[in-house]
Amino acid sequence: MNYRSMLAGLLLATSAIATTGIAITAVEAKEMNFAIVTPPEGHYGQGAKAFAEKMKELSGGDFVVNVKAGGSLGGEREILEGEQIGTIELAMTSTGPVGSFAPEIYALDFPFLFKDYASARKILDGEIGDELLSKFEDKGMIGLAWSENGFRHVTNSVHPVKTPADLQGLKLRTMENQVHIDAFKELGASPTPMSWTEVLTSLQQGTIDGQENPIPIIVSNNMWDMQKYVTLTGHVYSPAVITMSKIHWDQLSDEEKGWIREASKAAVAATRKVVDQNEADGVKTMREHGMEVIEDVDKAAFQDAVEPTYERYGKEYGEQMIQRIRDAQK
Ligand code: EAX
């Protein structure tokens, strides 16, 4: 700002004080970071953007939400830890690492548990979803809403995977999620758990042969640059969740908390819209970029192969909740 305009501003402020008798101070906007590990234009990024826009609208600009995409504030585990200590205000993450904070959430991560998107959304938007969101609070986070990552599929750079036997020995990255690690051991792969922020480099360097993720992750990360084959196993429905640091939540007024909840709803709608779009045109997009897409998958064979995971972890991670989810889809 140059000297003349500074002087003009000072004169204006002074005259305002003279007439109103009160000092007019600029109201500091409340800034919050919204962390995601995926690209800004992807499904989480569009959800976070919708959240920011809704907060700006509802607060009249008093709240500024900065979307920190691409893992710029760390992997999903670090992001959740950041919320616990208050260095990060908001996030949208998969449930990958969540189970190690709130074990009850592992119930959502079992393979072939949800039969389709409509069922998953209905259950997570209902009482089961609300009950699981309540499990975050005593871990220092507020579970605001269930968003969406999508049905996960297997990609690799070695050979087409058509049956579980084709996974034999493949070094497959999984999320840091005990249920997923176990399921891929049962499938004969060599599961390698790691944070999402290390995956693309590991694929490029060939330290892993493949990974598993929903179509929105595959397309928003141009995974065809490092993976030749994708098999539409749909082996797990991967929820995403919008959370807030309890430290920051507790500082909000009831009205502001209402804004946060409204903004979360807008975020979920925006994310699900991108997932629907990616699901509709993802196969075509992946083929156009040279991926070999295996669609005719013997899902029953994969489902049978991972059944022992339910026996091994169901009791530990909420067999009642798993049964409730199954019953809700009958
Ligand atoms: O949440 O870690 C994963 O594979 C997740 O799907 C990804 O980070 C998006």
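Residues numbered from 1 in each chain as written. Predicted model: local features only at pLDDT ≥ 70, side-chain atom pairs only at ≥ 80, totals over all residues. Heavy atoms only, no water.

Labelled according to an unreviewed UniProt entry, the chain appears under the name DctP family TRAP transporter solute-binding subunit, originating from Jiella endophytica.

Novice: I'd love a proper account of empty space enclosed by the protein, names of residues and values included.
Specialist: Overall, the coordinates contain one cavity of 30 Å³ or more when judged by the stated rule. Estimated volume of the largest cavity: approximately 170 Å³. In this structure, the largest cavity is lined by 20 residues; those nearest its centre are Glu 76, Ser 94, Arg 173, Met 175 and Trp 196. Top contributing element to the lining of the largest cavity by residue count: helix H3 (residues 76-85), with three residues. Its residues placed into classes, the lining of the largest cavity shows seven nonpolar, seven polar and six charged. (1 Å grid on protein atoms, 1.4 Å probe; cavity = no way out; pocket = protein on both sides within 12 Å on 5 of 7 lines; lining within 4 Å. Points joined across faces, edges and corners; volume = space filled by probe spheres on them. Helix = DSSP H or I, 4+ residues; strand = E, 2+ residues; numbered from the N terminus. Nonpolar A, V, L, I, M, F, W, Y, C, P; charged D, E, K, R; others polar.)

Novice: Residues and numbers for the side chain of His 153, please.
Specialist: Within the fold, His 153 resides in strand E4 (residues 141-156). Among the polar contacts made by the side chain of His 153, one reaches the main-chain amide nitrogen of Thr 233 at a distance of 3.5 Å. Excluding anything up to four places from it in sequence, His 153 contacts Gln 211, Glu 212, Asn 213, Pro 214, Ile 215, Val 230, Thr 231, Leu 232, Thr 233, Gly 234 and His 235. (Polar contact = N/O pair within 3.5 Å; in protein donor to acceptor, adjacent residues only side chain to side chain. Contact = heavy atoms within 4.5 Å.)

Novice: Describe the layout of surface pockets, listing the residues and the values that go with them.
Specialist: Taken as a whole, the largest pocket encloses approximately 180 Å³ of empty space. What lines the largest pocket is Phe 112, Leu 113, Phe 114, Lys 115, Tyr 117, Phe 151, His 153, Ile 215, Leu 232, Gly 234, Glu 279 and Lys 299. Among the elements of the structure, E4 and strand E8 (229-245) are those that each provide at least two residues to the lining of the largest pocket. When grouped by side-chain class, the residues that make up the lining of the largest pocket number seven nonpolar, two polar and three charged.

Novice: So what's going on with the site of the ligand? Residues and values would help.
Specialist: In the neighbourhood of the ligand, the contacting residues comprise Val 37, Tyr 44, Glu 76, Ser 94, Asn 149, Arg 152, Arg 173, Met 175, Trp 196, Asn 213 and Ile 217. Tyr 44 has a polar side-chain atom sitting 2.8 Å from an oxygen atom of the ligand. At a separation of 2.7 Å, an oxygen atom of the ligand approaches a polar side-chain atom of Arg 173. Notes on the ligand: free accessible area 270 Å², of which the protein chains cover 98%. Most atoms of the ligand, that is more than half of them, are within 2 Å of grid points of the largest cavity. The residue makeup of the shell around the ligand, split by class, is five nonpolar, three polar and three charged. (Near = heavy atom within 4 Å. Areas by Shrake-Rupley, 256 points an atom, 1.4 Å probe, with all protein chains shown as cover. Sits in = over half its atoms within 2 Å of the grid points.)

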